[in-house]
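# Examining the three-dimensional arrangement
These are the residues of each chain, in order.
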Amino acid sequence: MQLLDGKALSDLIKSQIKEKVSQRVIDGKKQPHLAAILVGNDGGSETYVGSKIRSCEEIGYKSTLLRFEDTITEAELLDQIKKVNANSDIDGLIVQLPLPKHISVEKVIESTDPEKDVDGFHPVNIGRMVQGLPCFLPATPNGIMKILEHYKIDTAGKECVVIGRSDIVGTPVSILMSRNTNPGNATVTLCHSKTKNLKEHVLNADIIISATGKPNSVTADMVKDGAVVIDVGTTRVPDASKKNGFRLSGDVDFVNVSPKCSYITPVPGGVGPMTIASLMLNTLQAASNKD
Ligand code: NAP
């Protein structure tokens, strides 16, 4: 079994970006600039936005964190997004999800300028992804593809089972895995909570990508010998032995599944850091598009 070390790969990608940013500055080109909108005080969101801003600092991007109370109205938030869209110094915008219930995620995503949508959530980018046109690929699915590419995992003609069909992970990664690209060219089955005989589908998989947020739901009896397992799940579970009182758990029962795998991502240190690396790549692309 080999660990797919997303942390190491992410560090490598970020160091390559850092060199490109230094060269851009030497060449008199603009420094990439990422803006992040954070609404409310959700602990998980604070952590995720914090690591994105830190990554910007590490690699030499400008960053702007726009924080709002969870009492902000939908109209006020949309107005703030309009201002970011109009600010020519800002190349990329992310709005950290989840948002308070009174704000429509759809409206927020659709109001983001597709050319600044470095999360790759806007329907224009999703549509272009489906058609294989240049676009901002959604960060987590793209991070998964980069792991498969880096470790030279053969995906062509393989049976790939994706568990979870969210707009941000399961559905786009199922599309990327089925495209005529490398990595890609897999025969993909997309499972969800209404899937019957989940175990039967998963047992048939050469590549399993789980994105349900259900800790330890992928168990050893569901995984065939030699499978490649990508665990997207990052659920906070209480853990009194930790300083902050919780630990991050993947969807996969790592202890019992990993001995059966050819490759597996750890949680943490697998897909998570790659999501940030992809976001940074998209932001560099957004800045370069203006050169
Ligand atoms: P989501 O929007 O909650 O979607 C979960 C999906 O899992 C849904 O499609 C749901 O099916 C399916 N599902 C739930 N229980 C299931 C079950 N027992 N059997 C089969 N399918 C089941 O989640 P998400 O936003 O995609 O996130 C999923 C996990 O990935 C979470 O732990 C999240 O924190 C993590 N995540 C990690 C990163 C990262 O960078 N590492 C990025 C994004 C998300 P239905 O559609 O039928 O409800």
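As the structure is a prediction and not an experimental result, all values here were calculated from the model. (Residues numbered from 1 in each chain as written. Predicted model: local features only at pLDDT ≥ 70, side-chain atom pairs only at ≥ 80, totals over all residues. Heavy atoms only, no water.)

### Some words on the domain arrangement of the protein chain
For the protein chain, the assigned domains are domain 1 (29-115) and domain 2 (139-272). Summarising the inter-unit geometry, the C-alpha centres of domain 1 and domain 2 are found 28 Å apart. (Domains from an automatic or database assignment.)

### With respect to the site of the ligand
In the vicinity of the ligand there are 20 residues, among which Arg165, Ser166, Ser193, Thr234 and Thr275 approach most closely. Arg165 is positioned with one of its side-chain polar atoms (N or O) 2.7 Å from an oxygen atom of the ligand. Here an oxygen atom of the ligand sits 3.5 Å away from a polar atom, N or O, in the main chain of Val232. Protein chains shield 68% of the accessible area of the ligand, which is 930 Å² for the free molecule. A breakdown of the residues in the shell around the ligand according to their chemical character gives 6 nonpolar, 12 polar and 2 charged. (Near = heavy atom within 4 Å. Polar contact = N/O pair within 3.5 Å; in protein donor to acceptor, adjacent residues only side chain to side chain. Areas by Shrake-Rupley, 256 points an atom, 1.4 Å probe, with all protein chains shown as cover. Nonpolar A, V, L, I, M, F, W, Y, C, P; charged D, E, K, R; others polar.)

### Things to note about a nonpolar patch on the surface
Among the surface-exposed residues, Met1, Leu3 and Phe254 lie close enough to one another that they form a single nonpolar patch of about 280 Å² accessible area. With respect to the helices and strands, Leu3 occurs in strand β1 (residues 2-3). (Patch = residues over 30% accessible without salt bridge, like charges linked within 9 Å, V, L, I, M, F, W, Y side chains within 5 Å. Salt bridge = Lys/Arg side-chain N within 4 Å of Asp/Glu carboxyl O. Helix = DSSP H or I, 4+ residues; strand = E, 2+ residues; numbered from the N terminus.)

### Comments concerning the pattern of salt bridges
Any two side chains of opposite charge can pair, given that their charged atoms come close. Within this structure, the stated rule accounts for 12 salt bridges. The shortest N-O distance in the salt bridge between Asp11 and Lys7 comes to 2.8 Å. Here Lys7 and Asp11 lie together in helix α1 (residues 6-26), a separation of 4 residues that amounts to about one turn. The salt bridge partner of Lys224 is Asp206, with a shortest N-O separation of 2.9 Å. With Lys224 in the loop between β7 (207-210) and β8 (228-231) and Asp206 in the loop between α8 (198-203) and β7, the pair connects residues that are 18 residues apart, well separated along the chain. A relative accessible area of 28% places Lys224 in the partly exposed class. (Buried < 20%, exposed > 50% of the residue type's maximum accessible area, 1.4 Å probe, protein only.)

### Here's the deal with the pairing of strand β4 (residues 92-95)
Along β4, one buried face is formed by Gly92 and Ile94 and the opposite face, lined by Leu93 and Val95, is buried too. Where strand β2 (residues 33-39) and β4 come together, 4 bridges link them in parallel fashion. Of the residues in β4, the one forming a bridge with Ala36 is Ile94. (Pairing = 2+ DSSP bridges.)

### Here we look at unusual backbone geometry
In this model, Leu97 is joined to Pro98 through a cis peptide bond whose omega is 0°. You can see Pro98 is positioned in the loop between β4 and α4 (105-111). Along the chain, Asn182 connects to Pro183 via a cis peptide bond; the corresponding omega equals 0°. Summarising the element assignment, Pro183 is placed in the loop between α7 (170-178) and β6 (187-191). One non-glycine residue with positive phi stands out, namely Lys152, at about 50°. Locating Lys152 in the fold gives a position in the loop between α6 (139-150) and β5 (159-163).

### Observations concerning the side chain of Asn85
On the secondary structure map, Asn85 appears in helix α3 (residues 74-86). Looking at Asn85, its side chain comes within polar contact range of the main-chain oxygen of Ser111, at 2.8 Å. The residues touching Asn85, leaving out its near neighbours within four places in the chain, are Ser111, Thr112, Asp113 and Lys116. (Contact = heavy atoms within 4.5 Å.)

### Focus on the packing of α1 against helix α2 (residues 43-59)
Between α1 and α2, whose axes approach to 8 Å, the crossing angle comes to 50°. Here α1 lies oblique to α2, going by the angle between them. Contact with α1, carried on its side by Lys14, Ile17, Lys18 and Val21, involves Ser55, Glu58 and Ile59 of α2 and no other residues of that element. Classifying every residue of the contact of α1 with α2 gives 3 nonpolar, 1 polar and 3 charged. (Axes fitted to C-alpha atoms, helices over the stretch in contact; angles between N-to-C directions. Parallel < 35°, antiparallel > 145°, perpendicular 65-115°, else oblique.)

### Points about the nonpolar core
Counting 45 residues, the largest nonpolar core has Met177, Ile209, Ile230 and Met280 as the members making the most contacts within it. The element best represented in this core is helix α10 (residues 271-288), accounting for 8 residues. Each of two domains, domain 1 (29-115) and domain 2 (139-272), supplies a minimum of three residues to this core. Core analysis: the next-biggest nonpolar cluster, separate from the first, contains 15 residues, Cys191, Met222, Val223 and Val252 among them. (Core = buried A, V, L, I, M, F, W, Y, C linked by side-chain atoms within 4.5 Å.)

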